[in-house]
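A closer look at the structure
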Amino acid sequence: VQLQASGGGSVQAGGPLRLSCAASGGTFRLYNMGWFRQAPGKEREFVAAISWSGGSTTQYADSVKGRSAISRDNAKNTVALQINSLKPEDTAVYYCAAGPLGGVLTLEARYDYWGQGTQVTVSS
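In short, a report on the structure. Just so it is clear, the model here is predicted, and its values are computed rather than measured. (Residues numbered from 1 in each chain as written. Predicted model: local features only at pLDDT ≥ 70, side-chain atom pairs only at ≥ 80, totals over all residues. Heavy atoms only, no water.)

1. A word on the state of the cysteines
Applicable threshold: Cysteine sulfur atoms that pair up within 2.5 Å are treated as a disulfide. Counting from the N terminus, the helices are DSSP H or I runs at least four residues long and the strands are E runs at least two residues long. Three labels apply to residues, based on accessible area from a 1.4 Å probe with only protein chains included: buried if under 20% of the type maximum, exposed if over 50%, partly exposed otherwise in between.
All chains considered together, the criterion is met by one disulfide. With a sulfur-sulfur separation of 2.0 Å, Cys21 is cross-linked through a disulfide to Cys96. Across the S-S bond of Cys21 and Cys96 the torsion is about 50 degrees, and the bridge reads as right-handed. Of this pair, Cys21 sits in strand S3 (residues 17–24) while Cys96 sits in strand S9 (residues 92–100), and the two are 75 residues apart along the sequence. We classify Cys21 as buried; its relative accessible area is 1%.

Structure follows, in structure tokens:
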């Protein structure tokens, strides 16, 4: 599975941002899809994830819960992450990832495939 993330950039605090990830080379609906991020000097951390079992189940990190939404389009093999009310602490490289259905969505080790990352910089 190859993953290509896009949509990063420089944004003002308080604004929205939509990240997209396109997958190829696998059966998309058979994968959990997740977003992780890594800020300078910090470890990579979970942001949001979405599974698929006829319908989708989502999970969010506390840091973005209530101001973000993850969605997937199984027909287009894409997953998107919308984050609103951006904060400077959202500045990071954002990675999309794919892993087999089941298991704990928040665990980095559950994901076998990773995109190249897209930089998000939030200025105050």
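2. Considering the pattern of salt bridges
Stated precisely, the cut-off is as follows: Here, a salt bridge means any side-chain nitrogen of Lys or Arg that lies within 4 Å of a carboxyl oxygen of Asp or Glu.
Using the criterion set out here, one finds five salt bridges in the structure. Between Asp90 and Arg37 there is a salt bridge, with its nearest N and O atoms 2.9 Å apart. Remark: Arg37 occurs in strand S4 (residues 31–38) and Asp90 occurs in the loop between strand S8 (78–83) and S9; sequence separation between them is 53 residues. According to the relative accessible area criterion, Asp90 is buried, its value standing at 0%. Through salt bridges with shared partners, one network takes in Arg37, Glu45, Arg67 and Asp90.

3. As for the packing of aromatic side chains
What counts is decided by this rule: Stacked, tilted and edge-to-face are the three classes applied to pairs of Phe, Tyr and Trp rings, where Trp contributes its six-membered ring and a pair requires centres within 6.5 Å; stacked means planes under 30 degrees apart, edge-to-face means over 60, and tilted covers the rest. Whether a charge sits over a ring depends on NZ of Lys or CZ of Arg being within 6 Å of the ring centre and within 35 degrees of the ring normal.
Applying the stated criterion across every chain yields a total of five aromatic pairs. Seen in terms of ring centroids, Tyr31 and Tyr113 are 6.0 Å apart; in terms of plane orientation they differ by 80 degrees. Their pairing is edge-to-face. Separated by 82 residues along the polypeptide, Tyr31 in strand S4 and Tyr113 in strand S10 (residues 113–114) bring together distant segments of the chain. The exposure class assigned to Tyr31 is buried, which follows from its relative accessible area of 17%. We classify Tyr113 as partly exposed; its relative accessible area is 30%. Judged by centre distance (5.7 Å) and plane angle (75 degrees), the ring pair of Phe36 and Phe46 falls under edge-to-face. Note that Phe36 is positioned in strand S4 and Phe46 in strand S5 (residues 45–50), a separation of 10 residues in sequence. For Phe46, a relative accessible area of 11% gives the class buried. Through a chain of ring-to-ring contacts, the aromatic side chains of Phe36, Phe46, Tyr111 and Trp114 assemble into a single cluster. Across the ring face of Tyr95, the terminal group of Arg44 is positioned such that the distance to the ring centre comes to 4.9 Å. Over the aromatic face of Trp114 sits the side chain of Arg44, whose NZ or CZ is 3.9 Å from the ring centroid.

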